[in-house]
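Summary of the model geometry
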Amino acid sequence: MNKQEELERLKKEMEMDKELPLFGQANLVFGEGNSEAEVMFIGEAPGFHEDKFMRPFVGQAGKLLDKLFLLINWPRESVYITNIVKRRPPENRDPLPEEIEAYKPYLKKQIQIIDPKIIAPLGRFAMNYFLPDFKISQSHGKGVILRGKIIYPLYHPAAALRATAILKELEMDFKKLPDLLKNIESARIEEKKEAHKQAPLF
């Protein structure tokens with residue numbers, strides 16, 4: 001079974017899991033992109049447009065994300081994009097801790113299947129899944145090695161739409177990605193030792 005087939009099987013498993021929060025209240029937005037991707041982008045939860053089209057990052061924040069991909073000449077199809085919580089919370093509220101906890105095993109399996117070199121959490125909720133004690137305002141654009149992968153936090157595109165200063169920082173952080181991927185073996189990134197004490201995330 002190849003990676004794409006494994007992802008399809010995992011998606012069907014999620015579609016049948018009635019114990020998941022928001023089951024029956026919103027569409028499943030599983031994720032999309034290259035199953036062999038070296039870089040995986042992870043947001044917090046789908047919004048209105050994502051629920052409607054059952055695709056991640058297709059609203060205004062998604063349009064900005066597409067522009068950022070163009071900025072570094074990466075086709076959107078070359079990466080993998082998903083969220084931690086894979087159904088839209090009511091009224092686009094923040095995902096609840098119990099929702100994140102319930103969807104966590106599926107995200108873990110997604111990461112294991114795709115096995116990316118770089119994981120780019122978008123926003124504080126996604127970042128805190130990997131790095132619970134970090135603050136996005138201080139940690140964006142700074143890679144951390146966690147279990148052999150580079151965790152590279154980025155501002156959420158929705159936050160960048162609301163503040164020009166954040167947009168500029170997000171663009172600068174994005175521009176570092178190609179070199180980070182190219183020089184991944186020799187990248188001088190401080191390893192966060194205490195991160196290894198956490199329960200396995202992937």
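Residues numbered from 1 in each chain as written. Predicted model: local features only at pLDDT ≥ 70, side-chain atom pairs only at ≥ 80, totals over all residues. Heavy atoms only, no water.

Another aspect to go through is the overall build of the chain. A count of helical and extended segments in the chain gives nine helices and six strands. Here the C-alpha radius of gyration of the chain, 16 Å, is about what a compact globule of 202 residues would show, namely 17 Å. Seen through its principal axes, the chain has C-alpha atoms that stretch 45 × 35 × 30 Å. Expressed as a percentage of the 202 residues in the chain, the buried residues total 50%. Relative to all contacts within the chain whose residues are 6 or more apart in sequence, the contacts with residues 24 or more apart total 74%. For the chain, the accessible surface area stands at approximately 10,500 Å², while carbon and sulfur atoms represent 50% of it. The centroid of the 32 positive side-chain charges in the chain is displaced by 3 Å from the centroid of its 30 negative side-chain charges. (Helix = DSSP H or I, 4+ residues; strand = E, 2+ residues; numbered from the N terminus. Rg over C-alpha atoms; globule rule 2.2 N^0.38 Å. Buried < 20%, exposed > 50% of the residue type's maximum accessible area, 1.4 Å probe, protein only. Contact = heavy atoms within 4.5 Å. Areas by Shrake-Rupley, 256 points an atom, 1.4 Å probe, with all protein chains shown as cover. Lys, Arg positive; Asp, Glu negative; His and termini not counted. Charge placed at Lys NZ, Arg CZ, Asp CG, Glu CD.)

Even without being glycine, M54 reaches a positive phi, approximately 55°. Mapped onto the elements of the fold, M54 is located in the loop between helix 2 (48-53) and helix 3 (60-71). The phi dihedral of N73 is positive, around 60°, even though this residue is not glycine. Mapping N73 onto the fold places it in the loop between helix 3 and strand 3 (80-83). Classification of N73 as exposed rests on a relative accessible area of 67%.

Attention shifts here to the sheet that holds strand 2 (residues 39-43). Read from one edge to the other, the open sheet built from six strands follows the order 1-3-2-4-6-5, with strand pairing classed as mixed. Single-partner strands in this sheet number two, and they are strand 1 (32-33) and strand 5 (144-146). Where strand 2 meets strand 4 (residues 118-121), four bridges bridge the pair, whose relative direction is parallel. If you follow I42 over to strand 4, its bridge partner there is P121. (Pairing = 2+ DSSP bridges.)

Turning our eyes to something else, we now look at the pattern of salt bridges. Taken as a whole and assessed by the stated rule, the structure comprises eleven salt bridges. In this structure, R55 engages E32 in a salt bridge whose closest nitrogen and oxygen atoms are separated by 2.8 Å. Of the two residues, R55 is situated in the loop between helix 2 and helix 3 and E32 in strand 1; the sequence distance between them amounts to 23 residues. Across the pair E32 and R76 runs a salt bridge whose closest N-O atoms are separated by 3.0 Å. Of this pair, E32 sits in strand 1 while R76 is found in the loop between helix 3 and strand 3, placing the two residues 44 residues apart along the sequence. Judged by relative accessible area, R76 falls into the buried class, the value being 13%. (Salt bridge = Lys/Arg side-chain N within 4 Å of Asp/Glu carboxyl O.)

The next point concerns the nonpolar core. Core analysis: the largest hydrophobic core is formed by 61 residues, its most contacted members being F41, I42, W74, I118, F130 and F174. Sort the elements by how many residues they give to this core and helix 4 (residues 97-114) lands first, with seven residues. Residue contacts for I118: discarding those within four places in its chain leaves E38, V39, M40, I150, Y152, L177, L180, L181 and I184. (Core = buried A, V, L, I, M, F, W, Y, C linked by side-chain atoms within 4.5 Å.)

Closest axis-to-axis distance for the helix 1 (residues 3-16)/helix 4 pair is 10 Å, and the angle between their directions is 170°. Taken together, the axis directions place helix 1 and helix 4 in an arrangement best described as roughly antiparallel. The residues of helix 4 that touch helix 1, namely those facing K3, E6, L7, L10, E13 and M14, are Y103, Y106, K109, Q110, I113 and I114. Considering only residue class, the contact of helix 1 with helix 4 consists of seven nonpolar, one polar and four charged. (Axes fitted to C-alpha atoms, helices over the stretch in contact; angles between N-to-C directions. Parallel < 35°, antiparallel > 145°, perpendicular 65-115°, else oblique. Nonpolar A, V, L, I, M, F, W, Y, C, P; charged D, E, K, R; others polar.)

No statement about biological role is implied by the geometric values presented.
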